[in-house]
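# Coordinates in review
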Amino acid sequence: MQKQNIVVLTGAGISAESGLQTFRGAGGLWNGYNIEEVASIDAWYHNPQRVLDFYNMRRADAMQAQPNAAHKALAELEQYHHVQIITQNVDDLHERGGSTKVLHLHGKLREVRSSQYANLIYDIGGEPIKLGDKCEGGAQLRPNIVWFGEMVPLMEDAMELTSTADLLLVVGTMLTVYPAASLIHYVRRNTPIYLVDPAPNKEAIRGIRNLTICAENATLAVPALVEQWTKNGI
């Protein structure tokens, strides 16, 4: 079997099946919070304690969650094909599930960085960040998260990776959050695209070529697709 370049774009839906709340679905995180107050650069300037409390809670929840069957199936797929995951998720469930090539578009919950020196990044695991926690340069530490109002620094890398895909698998994202949602348009013209979503957003996928929809939960659809691709080829 010839190895193919498989690029996987994942969103909150794949982590939801490990017990982590999504953002925009029923009962999602944003139903209980004002986005501008906890996940924007302006919020950090106006009330850093509130922002830290929110992300300390999310970090603790993420550390308790465990990789599910979809995460593990994607890791298994690496035995047969070249697999690159591009995730909008800030948890580390892909890595703990066994995947080795994961690009985090929106940052990582388990990392902090200097609020002044962007290159000073530290892995803190599940520990909380407190006001007064500083980098060696003396600046306050903040979550290493891309907030609303900030640029997505790895977007060009993600576009480049997507353009090399022999197959694009999209899992657990409604394709409504930009710029990440635009990645589906960077595949080559004849590249097959698989979308795993129990309730696909019809407007978001209108006009997408070579699209196969798997209207099931990730823990069912992804292992089935991986089994199909490893036994029968792509």
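All figures in this text were calculated on a predicted structure; none of them were measured in a lab.

Calculation rules
- Residues numbered from 1 in each chain as written.
- Predicted model: local features only at pLDDT ≥ 70, side-chain atom pairs only at ≥ 80, totals over all residues.
- Heavy atoms only, no water.
- Core = buried A, V, L, I, M, F, W, Y, C linked by side-chain atoms within 4.5 Å.
- Buried < 20%, exposed > 50% of the residue type's maximum accessible area, 1.4 Å probe, protein only.
- Helix = DSSP H or I, 4+ residues; strand = E, 2+ residues; numbered from the N terminus.
- Contact = heavy atoms within 4.5 Å.
- Phe/Tyr/Trp six-rings, centres within 6.5 Å; stacked < 30°, edge-to-face > 60°.
- Lys NZ or Arg CZ within 6 Å of the ring centre and 35° of its normal.
- Pairing = 2+ DSSP bridges.
- Axes fitted to C-alpha atoms, helices over the stretch in contact; angles between N-to-C directions.
- pLDDT = per-residue confidence, 0-100.
- Polar contact = N/O pair within 3.5 Å; in protein donor to acceptor, adjacent residues only side chain to side chain.
- Salt bridge = Lys/Arg side-chain N within 4 Å of Asp/Glu carboxyl O.
- Lys, Arg positive; Asp, Glu negative; His and termini not counted.

This part covers the nonpolar core. By size, the foremost hydrophobic cluster in this structure holds 23 residues, and its most contacted members are Trp44, Val51, Tyr55, Leu109, Ile145 and Trp147. For this core, the elements supplying multiple residues, two or more each, are α3 (41-46), α4 (48-64), β4 (107-114) and β6 (141-145). Apart from residues lying up to four places away in sequence, Leu109 is in contact with Tyr55, Arg58, Arg59, Ala62, Val90 and Ile145.

This brings us to the packing of aromatic side chains. Taken as a whole and assessed by the stated rule, the structure comprises four aromatic pairs. Aromatic side chains Trp44 and Trp147 sit 5.6 Å apart centroid to centroid with 35 degrees between the ring planes, which places their arrangement in the tilted category. Here Trp44 is found in helix α3, whereas its partner Trp147 is found in the loop between β6 and α7 (155-163), with 103 residues between them in sequence. Their ring planes at 85 degrees and their centres at 5.0 Å tell us that Phe54 and Tyr55 sit as a pair that is edge-to-face. For Phe54, a relative accessible area of 2% puts it in the buried group. Counting every residue linked through ring pairs, the aromatic cluster contains Trp44, Phe54, Tyr55 and Trp147. For Arg142, the ring lying beneath its charged end belongs to Trp147, and the centroid distance is 3.8 Å.

The strand order across the open sheet built from six strands is β3-β2-β1-β7-β8-β9, with neighbouring strands paired in parallel fashion. Looking at the sheet topology across the chains shown, the edges are occupied by β3 (102-104) and β9 (211-214). Across this sheet, the average inter-strand angle for adjacent strands is 15 degrees, counted without regard to direction. Bridging between strand β1 (residues 5-10) and strand β7 (residues 167-171) involves five bridges; their strand directions are parallel. Its bridge partner being in β7, Thr10 is matched across the sheet by Val171. The strands touched by α7 within the sheet are β1, β2 (82-87) and β3, with β2 carrying the most contacts at an inclination of about 145 degrees. Of the strands in this sheet, β1, β7, β8 (193-196) and β9 are in contact with helix α9 (residues 218-232), which crosses β8 at around 150 degrees.

Mean pLDDT over the protein chain stands at 92; residues scoring 70 or higher make up 95%. Note that pLDDT drops below 50 for residues 24-28; the model gives that stretch nine contacts with residues more than four away or on any other chain.

What follows deals with the side chain of His94. Within the element layout of this structure, His94 appears in helix α6 (residues 93-97). Within the structure, His94 has its side chain in polar contact with the side chain of Thr10 (distance 3.0 Å). His94 has contacts with Thr10, Ile14, His71, Leu74, Ile85, Thr87, Ser99 and Val102, leaving out every residue within four places of it along the chain.

Moving on to the pattern of salt bridges. If you walk through the whole model with that rule in mind, you get 11 salt bridges. The network of salt bridges with common partners includes Asp92, Arg96, Arg110 and Asp123.

Let us look at the side chain of Asp91. Its location among the elements puts Asp91 in the loop between β2 and α6. One buried charge, Asp91, has no salt-bridge partner; the nearest side chain with opposite charge is Arg58, at 6.5 Å. Looking at Asp91, its side chain comes within polar contact range of the side chain of Ser15, at 2.7 Å. One polar contact links the side chain of Asp91 to the main-chain amide nitrogen of Leu93, over a distance of 3.1 Å. Once you skip the residues sitting within four places of it in the chain, Asp91 turns out to touch Ser15, Leu20, Ala62 and His104.

With respect to topology, three strands assemble into an open sheet ordered β5-β4-β6, the strand pairing being antiparallel. Edge strands, defined here as strands with exactly one partner in the open sheet, are β5 (121-123) and β6. Averaged over all pairs of adjacent strands, the angle between their axes in this sheet comes to 45 degrees, without regard to strand direction. Pairing between β4 and β5: three bridges, direction antiparallel. Across the sheet, residue Arg113 finds its bridge partner in β5, namely Ile121. Contacts from α4 reach β4 and β6, with the element oriented near 140 degrees to β4.

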